[in-house]
Amino acid sequence: MQTVGRFAPSPSGRLHLGNLLCSLLAWLSARQKNGRVVLRIEDLDTARCPVRYGEQAAEDLRWLGLVWDEGPGIGGPHHPYEQSRRTALYEQALRALREQGLVYPCFCTRAELHAASAPHREDGSVVYAGTCRNLTGAQAAERAGQRPPAMRLKVPEEVWSFTDGHMGAFSMNLAQECGDFLLRRSDGMFAYQLAVVVDDAAMGVTEVVRGSDLLSSTPPQLYLYHLLGQQPPAFYHGPLLLDSQGRRLSKRNADVGLEVLREQYSPAEILGKLAYLAGFNPSAEPRTAEALLADFDWGRVPKTDLRLPEGLF
Ligand code: GLU
């Protein structure tokens, strides 16, 4: 079976080096297996990800030479390639889960969700306490008259495990560590977890490469693959890129955004430095994406987060 990899940026601003590292790893990992690459724009949150940011992200990736076989600007059998235009597919999946009796409406407000007693995950998000899980039909109907509900998936008290292609074995007790998770928000926006699984399955993706911040999203996603009767892809979670103070890169770090980098460096200069930092370029010398294929090896990529040294960029 041919490998199909993908990049799936959420363009809420200009791409930065962290997004590029992830896209570079995804591209190299798939291409080294003679695989195809899909570009999908994860713009579910249309207020934060306006169309022009998605177009700019595609243009920046093209400029870098991380060419894709299917996606914006090229088309392909699984179009559209913007999540904001794929809601009919998410509706269909939500319906399939509802028919299994696994979806319930949740009326909790943000304040209720963050009540002091709620168990918090490492990233500060809350494990849902299950408050609305056992509402009767009458109770739910009454509350629906007051505010539109979010939709949640009931998760079982089960441990789900998988072997990550880079990070190794990972397990999670779904009920205790993840909790009943959102499928759709109360404002109608579909949740990342549902959309990413529906799209990767629909697009025939066989390997998902992304940052290690999403490692703990994988067991609930595997559970969704199972419920939707789909074959899950292989997963590779790569290291995150941190700034020189050890903080995750974000829009705050304008100096590592492509707007600035494109003024200063060629694509090969950027990729060569990134690959050096990620362990598969012997020096920070310029290398094109094609040239890096010869040296790329997941075994050389660190498992711990990478701190950008002062002066590399
Ligand atoms: N759109 C997500 C992000 O940019 C990535 C989702 C994924 O790779 O599963 O963080």
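Residues numbered from 1 in each chain as written. Predicted model: local features only at pLDDT ≥ 70, side-chain atom pairs only at ≥ 80, totals over all residues. Heavy atoms only, no water.

A. Quick look at the overall build of the protein. Tallying secondary structure elements over the protein gives 11 helices and 11 strands in all. Relative to the 2.2 N^0.38 estimate, which gives 20 Å for 313 residues, the radius of gyration of the protein is 20 Å and therefore close to what a compact globule would have. Oriented by its inertia axes, the alpha-carbon framework of the protein measures out at about 65 × 45 × 35 Å. Of the contacts formed within the protein by residues at least 6 apart in sequence, a portion of 75% connects residues at least 24 apart. By element, 49% of the accessible surface of the protein is carried by carbon and sulfur atoms, the whole surface being about 14,500 Å². Between the averaged position of the 33 positive side-chain charges in the protein and that of its 36 negative side-chain charges there is a distance of 3 Å. (Helix = DSSP H or I, 4+ residues; strand = E, 2+ residues; numbered from the N terminus. Rg over C-alpha atoms; globule rule 2.2 N^0.38 Å. Contact = heavy atoms within 4.5 Å. Areas by Shrake-Rupley, 256 points an atom, 1.4 Å probe, with all protein chains shown as cover. Lys, Arg positive; Asp, Glu negative; His and termini not counted. Charge placed at Lys NZ, Arg CZ, Asp CG, Glu CD.)

B. Representation of helix α1 (residues 17-31). With 15 residues, α1 should reach 21 Å at 1.5 Å per residue; the first-to-last C-alpha distance of 20 Å fits that figure. Counted residue by residue, α1 has 13 buried out of 15 residues, so it is predominantly covered. (Expected span 1.5 Å × (residues − 1). Buried < 20%, exposed > 50% of the residue type's maximum accessible area, 1.4 Å probe, protein only.)

C. The site of the ligand, seen in detail. Around the ligand, the structure places R6, A8, P9, S10, E42, Y192, V196, R210 and L214. The separation between an oxygen atom of the ligand and a polar side-chain atom of Y192 is 2.8 Å. When the ligand is considered free in solution it has 300 Å² of accessible area, and contact with the protein chains removes 78% of it. Its residues assigned to classes, the shell around the ligand shows 5 nonpolar, 1 polar and 3 charged. (Near = heavy atom within 4 Å. Polar contact = N/O pair within 3.5 Å; in protein donor to acceptor, adjacent residues only side chain to side chain. Nonpolar A, V, L, I, M, F, W, Y, C, P; charged D, E, K, R; others polar.)

D. Region of the structure containing the packing of aromatic side chains. Going through the model one piece at a time under the given rule, you end up with 8 aromatic pairs. Centre to centre, the rings of W160 and Y223 are 5.4 Å apart; their planes meet at 70°, and the pair counts as edge-to-face. Taken together, the positions of W160 in strand β5 (residues 159-164) and Y223 in helix α8 (residues 218-227) put the pair 63 residues apart, joining distant regions of the chain. When sorted by exposure, W160 lands in the same class as Y223, which is buried. Grouping aromatic residues by their ring pairs yields a cluster made of Y236, F280, F296 and W298. The aromatic ring of F313 is capped on one face by K273, whose charged end is 5.7 Å from the ring centroid. (Phe/Tyr/Trp six-rings, centres within 6.5 Å; stacked < 30°, edge-to-face > 60°. Lys NZ or Arg CZ within 6 Å of the ring centre and 35° of its normal.)

E. Broad picture of the pattern of salt bridges. The final tally for this structure, using the stated rule, is 19 salt bridges. In this structure, E207 and K33 form a salt bridge, with 2.5 Å as the shortest nitrogen-oxygen distance. With a gap of 174 residues between them, E207 in strand β8 (residues 207-211) and K33 in the loop between α1 and β2 (36-39) connect regions that are remote in the sequence. (Salt bridge = Lys/Arg side-chain N within 4 Å of Asp/Glu carboxyl O.)

F. A look at unusual backbone geometry. Along the chain, H79 connects to P80 via a cis peptide bond; the corresponding omega equals 0°. For P80, the position within the fold is in the loop between α2 (51-64) and α3 (87-99). If you check the backbone angles, N34 has positive phi at about 55° while not being a glycine. With respect to the secondary-structure elements, N34 resides in the loop between α1 and β2.

G. Focus on the sheet that holds strand β3 (residues 103-106). With antiparallel pairing, the 3 strands of this open sheet are ordered in space as β3-β4-β7. Two strands lie at the open edges of the sheet, namely β3 and β7 (182-184), each paired on one side alone. Shown here is a sheet whose adjacent strand axes are inclined to one another by a mean of 40°, direction ignored. The sheet contact formed by β3 and strand β4 (residues 150-153) spans 4 bridges and is antiparallel. Bridge pairing in β4 places P105 opposite M151. Its contacts with the sheet put α3 on β3, β4 and β7, and the angle it makes with β7 is roughly 125°. (Pairing = 2+ DSSP bridges. Axes fitted to C-alpha atoms, helices over the stretch in contact; angles between N-to-C directions.)

H. Geometry of the pairing of β2. Bridge analysis of strand β1 (residues 4-7) against β2 gives 4 bridges, and the strand direction is parallel. Considered in β2, the bridge of V4 is made with R36. In terms of handedness, the path from β1 via α1 over to β2 forms a crossover that is right-handed. (Right-handed = clockwise from strand over helix to strand, strands pointing away.)

I. Region of interest: the packing of α1 against helix α10 (residues 267-277). In contact at an axis separation of 11 Å, α1 and α10 are set at 80° when each is read in the N-to-C sense. The angle between α1 and α10 falls in the class roughly perpendicular. From α1, L17, L20, L21 and L24 reach across to α10, where they touch I270, L271 and L274. Looking at the contact of α1 with α10 residue by residue, the class counts come to 7 nonpolar, no polar and no charged. (Parallel < 35°, antiparallel > 145°, perpendicular 65-115°, else oblique.)

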